[in-house]
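Chain residues, written in single-letter form:
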Amino acid sequence: MKGRRGKTADNAYETNSDLTIQNQDSCSNDTNLSTNSSTSQKLKNPISMNESKIRNYLKELQSHVKNCQKEREKNEPNLNNINKIHDKLKSDKITPFYRKKLKTMYTNCIKESQNEISVLRQALDCINQIRYTQNEIRLMQHNKKQILTKNLNENSTDFMPKAGMRRGVLMSILQQAALTLPLWIGEIGQLAPPLCGSVPPESNYICKPGDKVAAKVNSNTSMSKKSNELNNKKKNKNTEEAVEEEEENWILAEVICFNSSSGKYEVEDVDCEEGNEKYLLGKRRIVPLPHWRANPLTDPNAIFPKESFVLALYPQTTCFYRGIISESPQTPQEDYLILFEDNTYPDGYSPPLNVPQLYVVADKELKK
């Protein structure tokens, strides 16, 4: 009995051990399933997917930068040899032998330089894709915040003020956007495309969500303050005429969407301290900002000439005012010098103020 009881106990112990192992396996399977589920949810999340895209683009960009350096180092000996030959022939005439040798070396240098240019263009494409994806993430976060705020407002009667961005932070962001505006680098003989510098957009161009624009608005006709008028716009046929009679301003705004049926944009003021200030505007009240910075040395046709009338963002504000170009930029890094219309000065214009290419657009009022 003793031995049998001991055997039975051993069997019971083995049985309990098997059950414990099974339970552990079951728990580990559940953990794996939950981990896989959370991972799949992250992958399905558009924001996470775009963040993953950015990481891949950064890896690709790093690879292009390394390849560019390799191409440059590969071409450097050829350039040094060409310079040595020219230094040697400063006092002597170029003989047929050296002429042929230089021609061959120049041909090789051009070929290697084209390879370097190709790699640089691929790197620039990566940077543009990163900027575009970052903008998509920002729009998704904005929409998510809007939906959350809307749901909270529907479930609560309390007023929920929206925190506005500090002006210093906003000005810093606007300045950084101007500095990081991509520089257009075209092929030899290729003209600057639409929305590069001063080149206007095509007639059928539609601004995309997230694009920054100069928008002509009336402070008393925002969607939040005039929701009743917008709902009853069919009854009020003369609303637009009444709006035009009131004071209007050109502001820096961001496109939310475009309604193809009505032909109007919904835009949001980038500088609203009390929340989101939205406007519904027609095409003629919208001027898209440049998508590329023009190089005055290679694309002078994409630069506003001196004494041109323009709309420009007044420094440290988010409003556009009319002005005259005092000096055009001579290099890609330079700004315009703008004389703004200002009645407080004896001659009616302010002293010359620096304005980046991003915030200088054609004055649409002159076309009327």
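Look above for the structure.
Being a predicted model, the structure only gives us computed values, none of them experimental. (Residues numbered from 1 in each chain as written. Predicted model: local features only at pLDDT ≥ 70, side-chain atom pairs only at ≥ 80, totals over all residues. Heavy atoms only, no water.)

Visitor: Give a detailed account of the pairing of strand β6 (residues 309-313), specifying residues and quantitative values.
Guide: Counting buried positions along β6 gives four out of five residues, so the element sits mostly inside the fold. Bridge count for β6 against strand β7 (residues 319-327) is five bridges, and the pairing is antiparallel. Bridge assignment links valine 310 to a residue of β7, and that residue is glycine 323. The hairpin formed by β6 and β7 contains five residues between the paired strands, and glutamine 316 there has a positive phi angle of roughly 65 degrees. Pairing analysis gives three bridges linking β6 to strand β10 (residues 360-362), with the strands arranged antiparallel. Across the sheet, residue leucine 311 finds its bridge partner in β10, namely valine 361. (Buried < 20%, exposed > 50% of the residue type's maximum accessible area, 1.4 Å probe, protein only. Helix = DSSP H or I, 4+ residues; strand = E, 2+ residues; numbered from the N terminus. Pairing = 2+ DSSP bridges.)

Visitor: Which residues make up the packing of aromatic side chains, and what are the values?
Guide: By the definition in use, this model includes six aromatic pairs. Where phenylalanine 97 meets tyrosine 98, the ring centres are 5.3 Å apart and the plane angle is 70 degrees; that geometry is what we call edge-to-face. The class of phenylalanine 97 is exposed, set by a relative accessible area of 56%. According to the relative accessible area criterion, tyrosine 98 is buried, its value standing at 17%. (Phe/Tyr/Trp six-rings, centres within 6.5 Å; stacked < 30°, edge-to-face > 60°.)

Visitor: For helix α4 (residues 167-179), give the residues involved together with the corresponding values.
Guide: Over its 13 residues, α4 runs 18 Å from end to end, which matches the ideal 18 Å to within 8%, given 1.5 Å per residue. Listed in full, the buried residues belonging to α4 are Leu170, Met171, Leu174 and Ala178. The buried residues of α4 occupy one face: seen down the axis, they fall within an arc of 100 degrees. Residues of α4 that are exposed and point over 90 degrees away from its buried face: Gly168 and Leu179. On its buried side, α4 packs onto β2 (249-259). (Expected span 1.5 Å × (residues − 1). Arc of directions from axis to C-beta. Contact = heavy atoms within 4.5 Å.)

Visitor: Any details on the pattern of salt bridges? Residues and values, ideally.
Guide: For the structure on display, the rule yields nine salt bridges. Of the charged contacts in the structure, one is a salt bridge between aspartate 87 and lysine 90, with a shortest N-O distance of 3.7 Å. Residue class for aspartate 87 comes out partly exposed when judged on its relative accessible area of 49%. Under the relative-accessibility criterion, lysine 90 is labelled exposed at 69%. Note that lysine 306 is salt-bridged to glutamate 327, the shortest N-O span being 3.5 Å. With lysine 306 in the loop between β5 (286-288) and β6 and glutamate 327 in strand β7, this pair connects stretches of sequence that are 21 residues apart. Taking the relative accessible area as the measure of exposure, glutamate 327 reaches 36% and is therefore partly exposed. Several salt bridges converge on common partners, so that one network encompasses Lys216, Glu248 and Arg285. (Salt bridge = Lys/Arg side-chain N within 4 Å of Asp/Glu carboxyl O.)

Visitor: Summarise the nonpolar core; cite the residues concerned and give the values.
Guide: Membership of the largest hydrophobic core comes to 32 residues, with the highest contact counts inside it found for Phe320, Ile338 and Tyr359. Looking at this core, the elements that each hand over two or more residues are α4, β2, β6, β7, β8 (336-340) and β10. Contacts of tyrosine 359, omitting those with residues within four sequence positions, involve Leu174, Ala177, Ala178, Leu252, Leu289, Leu311, Ala312, Leu313 and Phe320. Within the second largest apolar cluster, twelve residues are counted, among which are Val213, Ala215, Ala253 and Leu281. (Core = buried A, V, L, I, M, F, W, Y, C linked by side-chain atoms within 4.5 Å.)

Visitor: Quick rundown of a nonpolar patch on the surface? Include the residues and the values.
Guide: A cluster of nonpolar residues, Leu124, Ile127 and Ile185, forms a patch on the protein surface that exposes about 220 Å² of accessible area. Structurally, isoleucine 185 is set in the loop between α4 and β1 (212-217). We classify isoleucine 185 as partly exposed; its relative accessible area is 42%. (Patch = residues over 30% accessible without salt bridge, like charges linked within 9 Å, V, L, I, M, F, W, Y side chains within 5 Å. Areas by Shrake-Rupley, 256 points an atom, 1.4 Å probe, with all protein chains shown as cover.)

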